[in-house]
Amino acid sequence: MADYTNSRFALGAALPENAVQAECPQLEPLITPELLKSRHLLGVSMACAKDPLTGKATIITDDILRDIIDGAVAQAESELKIDIFPVRRKEKHPFDLNLYSSFGYFQLTHRPCTSMDKLSVTPSNQLDVYVVPNEWVEGAYLARGQVNIVPLTVAFVQGTYIPQQSSGGAAYLQILGNKPWIPAWWQIEYTSGFPGGMLPRILNEYIGSRAAAEVLSQLALSFARANSQSLGIDGLSQSVSTPGPQIFKGRIEELEEKIKAITKKLKALFGYKIFSGTL
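Rules behind the numbers
- Residues numbered from 1 in each chain as written.
- Predicted model: local features only at pLDDT ≥ 70, side-chain atom pairs only at ≥ 80, totals over all residues.
- Heavy atoms only, no water.
- Helix = DSSP H or I, 4+ residues; strand = E, 2+ residues; numbered from the N terminus.
- Expected span 1.5 Å × (residues − 1).
- Buried < 20%, exposed > 50% of the residue type's maximum accessible area, 1.4 Å probe, protein only.
- Arc of directions from axis to C-beta.
- Contact = heavy atoms within 4.5 Å.
- Phe/Tyr/Trp six-rings, centres within 6.5 Å; stacked < 30°, edge-to-face > 60°.
- Polar contact = N/O pair within 3.5 Å; in protein donor to acceptor, adjacent residues only side chain to side chain.
- Core = buried A, V, L, I, M, F, W, Y, C linked by side-chain atoms within 4.5 Å.

Asks: Go over helix α2 (residues 62-80), please, and point to the residues and values.
Replies: End to end, α2 covers 26 Å across 19 residues, agreeing with the expected 27 Å (1.5 Å per residue, within 8%). For α2, the complete set of buried residues consists of Leu65, Ile68, Ile69, Ala72, Val73, Ala76 and Leu80. Projected down its long axis, α2 carries its buried residues within an arc of 155 degrees, all on one side. Within α2, the exposed residues directed more than 90 degrees away from the buried face are Asp63 and Asp67. Packing partners of the buried residues in α2 comprise α1 (33-39), α5 (201-223) and α6 (249-270).

Asks: Talk me through the packing of aromatic side chains; I want residue IDs and the actual numbers.
Replies: Under the defined criterion, the tally for this structure stands at 4 aromatic pairs. Summarising the aromatic geometry, the rings of Tyr4 and Phe9 are spaced 6.4 Å apart at their centres and angled 40 degrees between planes, so their arrangement reads as tilted. The exposure class assigned to Phe9 is partly exposed, which follows from its relative accessible area of 46%. Note on Tyr100 and Trp186: the rings are 6.3 Å apart at their centroids and 25 degrees apart in plane angle, and the pair reads as stacked. One end of the pair, Tyr100, is in helix α3 (residues 97-101); the other, Trp186, is in strand β13 (residues 181-192), and 86 residues separate them in sequence.

Asks: Account for the side chain of Thr191, naming residues and giving values.
Replies: Tracing the backbone through its elements, the reader meets Thr191 in strand β13. Within the structure, Thr191 has its side chain in polar contact with the side chain of Asp117 (distance 3.0 Å). If we skip the residues at most four places from it in the chain, Thr191 touches Tyr4, Pro86, Val87, Arg88, Pro112, Cys113, Thr114, Ser115 and Asp117.

Asks: Tell me about the environment of Leu27, residues and numbers included.
Replies: On the secondary structure map, Leu27 appears in strand β2 (residues 27-29). Leave out the neighbours within four places in its chain, and Leu27 touches Leu15, Met198, Leu199 and Pro200.

Asks: Account for the nonpolar core, naming residues and giving values.
Replies: With 37 residues, the main nonpolar core has Leu36, Leu203, Tyr206, Ile207 and Val215 as its most contacted residues. Counting only elements with at least two residues in this core, the list comes to α2, α5 and α6. Ranked by the residues each element gives to this core, the list is headed by α5, at 10 residues. Among residues more than four places away in sequence, those in contact with Leu203 are Leu80, Ile82, Ile84, Phe194 and Leu266. Counting residues in hydrophobic clusters, the runner-up holds 20 residues, among them Ala10, Trp136, Val147 and Ile182.

Nothing here speaks to function; it is geometry throughout.
What follows is the structure in structure tokens.
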């Protein structure tokens with residue numbers, strides 16, 4: 001179990017950003033098979049077309065739907081470049097004098113960030129040379145993956161005060177001004193994802209739409225074998241034609257358009273702008 005005793009948390013929820021209270025609930029657990037069927041597959045039978053060899057239809061069970069939902073979650077994380085379920089991460093960042101002069105600006109590689117757990121100067125031997133007091137870490141923009149060091153307050157560690165003027169405080173950090181750039185100087189430990197697996201409704205819509213499109217695609221493949229059937233007995237014959245895989249084409253196209261629209265919104269919400277400065 002991870003220890004978050006000394007962690008620096010975001011001001012509020014990741015979405016709505018920094019919200020601490022909302023009249024209308026906008027967070028909910030990951031979509032379930034039952035909710036997937038009622039929201040995105042209402043009226044759609046989970047029975048595939050009958051197998052011509054066995055004469056039996058395969059049923060898409062809730063266990064199969066859960067596996068499809070898990071796949072949609074993985075697709076969402078890859079497409080949107082975010083973490084959905086909480087992940088504790090550790091990454092190295094270089095010392096850049098320009099960024100450091102901007103109150104120690106860092107841009108984390110994974111979002112949304114929910115807690116800043118440790119910021120330290122750690123060389124390649126993985127022994128901490130200096131741990132920045134979390135009281136100096138500004139968490140106003142953690143949801144966007146932005147971290148700043150603001151050593152303007154008094155740090156309180158293990159029951160004693162560490163003044164910012166002491167050799168172990170901000171004065172130590174000022175030594176860095178002698179070097180413009182040092183590779184892999186900082187080590188950052190943080191937690192990304194949505195706490196407790198409570199997702200924004202719009203993200204659940206994205207996951208549900210992707211899962212529903214996959215379900216309909218599988219159903220369409222099964223109906224592709226049943227596009228037309230003929231039966232002949234003693235010189236009498238009967239032919240039956242069905243829409244085949246086209247039966248779900250319209251709904252799949254609607255879901256694909258919905259996915260594209262939601263993708264743009266989510267990337268705008270969780271993305272960040274890349275800027276360049278003058279060296």
